[in-house]
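Coordinates in review
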Amino acid sequence: MARVLVVDDEASQRSAVARMIERWGFSTDTAADGAEALRKTQESNFDAIVTDLMMSGMDGMELLRRLRDDAPMGPSTIVVTAYGNIDTAITTVHEYGAFWFVEKPIRPRAFRVLLERAIAQRKLLEKSERLERE
């Protein structure tokens, strides 16, 4: 079962997204900010991270930067925000390595497809890395 970490400083948003993902058959954990998310990624393996961009404490951009620097082969990350624009989307995907950028409100059907693709990409990268080692 794929594991997804949901990161959002708004408790209601965090729990709503986690419940939606669990209904699709994935295991979830949650974090209230980027710092908590980093701690959880060091303690457990996640296939994907769904993170808000604008958060108090460590925001989504800093989380992406730290994940990229600490573990380049880390979980696929989908950034969700209500304050998006094309420049922010390009930066999060091309410079910080996010899998995708989604604007709120989340459209469940499209979001599910993105999450499934993000997890599939992570699994392919792991398999490729394992085959190269062998």
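These lines cover the structure that appears in this document, whether it is placed above or below. (Residues numbered from 1 in each chain as written. Predicted model: local features only at pLDDT ≥ 70, side-chain atom pairs only at ≥ 80, totals over all residues. Heavy atoms only, no water.)

1. Quick notes on the pairing of strand β3 (residues 48–52)
The buried fraction of β3 amounts to five of the five residues, a majority that puts the element mostly inside the structure. Sheet topology places β3 next to strand β4 (residues 76–81); five bridges connect them, and they run parallel. From the neighbouring strand, V50 faces β4, where its bridge partner is I78. (Buried < 20%, exposed > 50% of the residue type's maximum accessible area, 1.4 Å probe, protein only. Helix = DSSP H or I, 4+ residues; strand = E, 2+ residues; numbered from the N terminus. Pairing = 2+ DSSP bridges.)

2. Topic: the nonpolar core
Membership of the largest hydrophobic core comes to 20 residues, with the highest contact counts inside it found for V4, I21, F26, V50, I78, F111 and L115. Looking at this core, the elements that each hand over two or more residues are β1 (3–7), α1 (11–23), β3, β4 and α5 (108–133). With five residues, α5 is the largest single contributor of residues to this core. Other than its neighbours up to four places away in sequence, V50 contacts V4, L5, V6, V7, V17, I21, I78, V80, F111 and L115. Of all hydrophobic cores here, the second largest spans 11 residues; its members include A37, L38, I49 and L63. (Core = buried A, V, L, I, M, F, W, Y, C linked by side-chain atoms within 4.5 Å. Contact = heavy atoms within 4.5 Å.)

3. Observations regarding empty space enclosed by the protein
Over the atoms, a rolled probe matching the size of one water molecule traces out where space is still vacant. Going through the model one piece at a time under the given rule, you end up with one cavity of 30 Å³ or more. Lining the largest cavity, in full, are V6, V7, D8, Q13, V17, V50, T51, D52, V80, K104 and I106. Per element, the largest residue contribution to the lining of the largest cavity is three residues, and it comes from β3. (1 Å grid on protein atoms, 1.4 Å probe; cavity = no way out; pocket = protein on both sides within 12 Å on 5 of 7 lines; lining within 4 Å. Points joined across faces, edges and corners; volume = space filled by probe spheres on them.)

4. A closer look at the pairing of β4
The buried count for β4 comes to six of six residues, which makes it a mostly enclosed element. By the alternation rule, side chains of β4 split into S76, I78 and V80 and T77, V79 and T81, which are all buried. Here β4 runs beside strand β5 (residues 100–103); their pairing, made up of four bridges, is parallel. Residue pairing across strands places T81 opposite E103, the latter belonging to β5.

5. Considerations on the side chain of T28
Residue placement: T28 occurs in strand β2 (residues 27–31). By relative accessible area, which is 18% here, T28 ends up buried. A distance of 2.4 Å separates a polar atom in the side chain of T28 from a polar atom in the side chain of E22. (Polar contact = N/O pair within 3.5 Å; in protein donor to acceptor, adjacent residues only side chain to side chain.)

6. Quick notes on the pattern of salt bridges
This structure, assessed with the given rule, holds 11 salt bridges. Note that R65 and D69 form a salt bridge whose closest N and O atoms lie 2.9 Å from each other. Residue R65 and its partner D69 are both found in helix α3 (residues 60–70); the two are separated by four residues, about one turn of the helix. Where R112 meets E116, a salt bridge forms, and the shortest distance between an N and an O atom there is 3.1 Å. With a gap of four residues between them, R112 and E116 both fall in helix α5, about one helical turn apart. Here the salt bridges share partners, and the residues they tie into one network are E62, R65, R68 and D69. (Salt bridge = Lys/Arg side-chain N within 4 Å of Asp/Glu carboxyl O.)

7. Observations concerning the sheet that holds β5
Across the sheet, five strands lie side by side as β2-β1-β3-β4-β5; this open sheet has parallel pairing. Each edge of the sheet is formed by a strand with only one pairing partner; in this case those strands are β2 and β5. The average undirected angle you get between the axes of adjacent strands in this sheet is 20°. Those strands touched by α3 are β1, β3 and β4, and its axis lies near 150° from that of β3. (Axes fitted to C-alpha atoms, helices over the stretch in contact; angles between N-to-C directions.)

Geometry only, nothing functional implied.
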